[in-house]
Amino acid sequence: MTGTVEKFIKMNDGIAIPVIGLGTFQGNYDYTSVHDIVVKAVKTAIDLGYRHFDTALVYDTEAAVGEAVRDKIQEGVVRREELFIVTKLWCNSHGKENVVPALHESLRKLGMDYVDLFLIHWPVAFKSGSGLLPKDANGQIILDDDMDFTDTWQGMVECRKLGLAHSIGISNFNEKQIKRLVESTDVLPSLIQIEVNPFFSNDKIVSLCQQLGITVACYSPLGKPGRPWKKDNDPFISTDVTLNEIAKVHKKTWTTLEKRQRPFY
């Protein structure tokens, strides 16, 4: 196949994931009107043909994504089974016994019976029961060093067995953590979500996951130019001379050069 991008990629569990998705991470930067902004963005995306939507508990956009989906289903624009909804387990619910209840809470906010993909957001555990970002007297995040993400994964497997998540995976794991998780279980992650763009290729993790048969989903393929933590001297993909010259030679836009044979947001 030449010059085209697949619309779907089949993961190792046999389930197909749409290649292009809409992420809602930046939805929570405008605290005064975030809900309405995300609802409008998701509705517009559905109208434009998007079927893959990514959210997370910590983004505080699950309710907005759910509302937009319900409205479009009621309008007859789309059916639930045509959509691919992703959400994530936050760091304060890494205890094996806390994973299923955490997904139930996300499903409540989404107004759905299941998600298509449930990910461990980060391979690090926070103290549970103290809010999303538990802090000590010095304002430092309280970690739970006794919590092991291999135990968390057992809870994820239970979510899949219960039908609450059709597929399960991980996010932001490094090579060592991926290998350790895979060695600990008979259930491979269906997908890993990591940052990949021309300035952060993550080649080693991409290569490892390809060898293991784990689908790689790339977030921030355009470099997340609106990130609030960017520095004045950070490079921008849109103005990168080399990338734009390559695009010109191939008579493409610089954004189309970012399309690869793996899902991205």
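Above this note sits the structure.
Residues numbered from 1 in each chain as written. Predicted model: local features only at pLDDT ≥ 70, side-chain atom pairs only at ≥ 80, totals over all residues. Heavy atoms only, no water.

**As for helix H5 (residues 175–183)**
Listing the buried residues of H5 in full gives Gln177, Ile178, Leu181 and Val182. Considered in projection along H5, the buried side chains sweep an arc of 130° and stay on one side of the axis. Turned more than 90 degrees off the buried face of H5, the exposed positions are Lys176 and Glu183. Where H5 begins, one side-chain oxygen reaches toward the backbone nitrogen of Lys176, 3.2 Å away; that side chain belongs to Asn174. (Buried < 20%, exposed > 50% of the residue type's maximum accessible area, 1.4 Å probe, protein only. Helix = DSSP H or I, 4+ residues; strand = E, 2+ residues; numbered from the N terminus. Arc of directions from axis to C-beta. Polar contact = N/O pair within 3.5 Å; in protein donor to acceptor, adjacent residues only side chain to side chain.)

**What to know about the nonpolar core**
Of all hydrophobic cores here, the largest spans 49 residues; its most connected members are Phe118, Trp153, Ile178 and Ile192. Discounting chain neighbours no more than four positions away, the residues touching Trp153 are Ile120, Ile168, Gly169, Ile170, Leu181, Thr185, Val187, Leu188 and Pro189. Among the nonpolar cores identified, the runner-up in size contains 10 residues, and Ile9, Met11, Val19 and Val86 belong to it. (Core = buried A, V, L, I, M, F, W, Y, C linked by side-chain atoms within 4.5 Å. Contact = heavy atoms within 4.5 Å.)

**A look at the state of the cysteines**
Applying the stated criterion across every chain yields a total of 0 disulfides. The closest cysteine sulfur to the non-disulfide-bonded Cys209 is located on Cys218, 10 Å from its own sulfur. Cys209 sits in the buried class, given a relative accessible area of 1%. (Disulfide = S-S within 2.5 Å.)

**Some words on a nonpolar patch on the surface**
A grouping of Trp122, Val124, Leu132, Leu133, Ile141 and Leu143 is seen on the molecular surface, where their side chains present a nonpolar patch of about 480 Å² in accessible area. Locating Val124 in the fold gives a position in the loop between strand S6 (115–120) and helix H4 (149–161). We classify Val124 as partly exposed; its relative accessible area is 32%. (Patch = residues over 30% accessible without salt bridge, like charges linked within 9 Å, V, L, I, M, F, W, Y side chains within 5 Å. Areas by Shrake-Rupley, 256 points an atom, 1.4 Å probe, with all protein chains shown as cover. Salt bridge = Lys/Arg side-chain N within 4 Å of Asp/Glu carboxyl O.)

**Description of the packing of helix H2 (residues 62–74) against helix H3 (residues 96–110)**
At a minimum axis separation of 7 Å, H2 and H3 run at an interaxial angle of 45°. One element, H2, and the other, H3, form an angle in the oblique class. In this structure, H2 contributes Glu62, Ala63, Val65, Gly66 and Arg70 to the contact, and H3 contributes Ser106, Lys109 and Leu110. By residue class, the composition of the contact of H2 with H3 is 3 nonpolar, 2 polar and 3 charged. (Axes fitted to C-alpha atoms, helices over the stretch in contact; angles between N-to-C directions. Parallel < 35°, antiparallel > 145°, perpendicular 65-115°, else oblique. Nonpolar A, V, L, I, M, F, W, Y, C, P; charged D, E, K, R; others polar.)

**A closer look at the packing of H4 against H5**
Closest axis-to-axis distance for the H4/H5 pair is 10 Å, and the angle between their directions is 55°. Taken together, the axes of H4 and H5 lie oblique to each other. Crossing geometry of H4 relative to H5 is assigned as right-handed. Where H4 abuts H5, its residues Phe149, Thr150 and Trp153 lie against Gln177, Arg180 and Leu181. Considering only residue class, the contact of H4 with H5 consists of 3 nonpolar, 2 polar and 1 charged. (Left-handed = near helix turned anticlockwise from the far one by under 90°.)

**As for the pattern of salt bridges**
Applying the stated criterion across every chain, the model contains 9 salt bridges. The shortest N-O distance in the salt bridge between Arg108 and Glu105 comes to 2.7 Å. Here the residue Arg108 and the residue Glu105 both occupy positions in helix H3, the gap between them amounting to 3 residues, near one helical turn. The class for Glu105 is partly exposed, based on a relative accessible area of 31%. Note that Arg180 is salt-bridged to Asp148, the shortest N-O span being 2.4 Å. With Arg180 in helix H5 and Asp148 in the loop between S6 and H4, the pair connects residues that are 32 residues apart, well separated along the chain.

**Concerning the pairing of strand S7 (residues 165–171)**
In regular strands, side chains alternate between the two faces of the sheet. Burial runs high along S7: 6 of the 7 residues are buried. As defined by bridge partners, S6 adjoins S7 across 5 bridges and the pair is classed as parallel. Pairing of Leu117 across the sheet is with Ser167, part of S7. One crossover worth recording links S6 to the parallel S7 by way of H4, and it is right-handed. In terms of strand pairing, S7 meets strand S8 (residues 191–195) through 2 bridges, oriented parallel. Directly across from Ile170, in S8, lies its bridge partner Ile192. Regarding topology, H5 serves as the crossover connection from S7 to the parallel S8, and that connection is right-handed. (Pairing = 2+ DSSP bridges. Right-handed = clockwise from strand over helix to strand, strands pointing away.)

Keep in mind that these numbers describe shape and distance, not what the molecule does.
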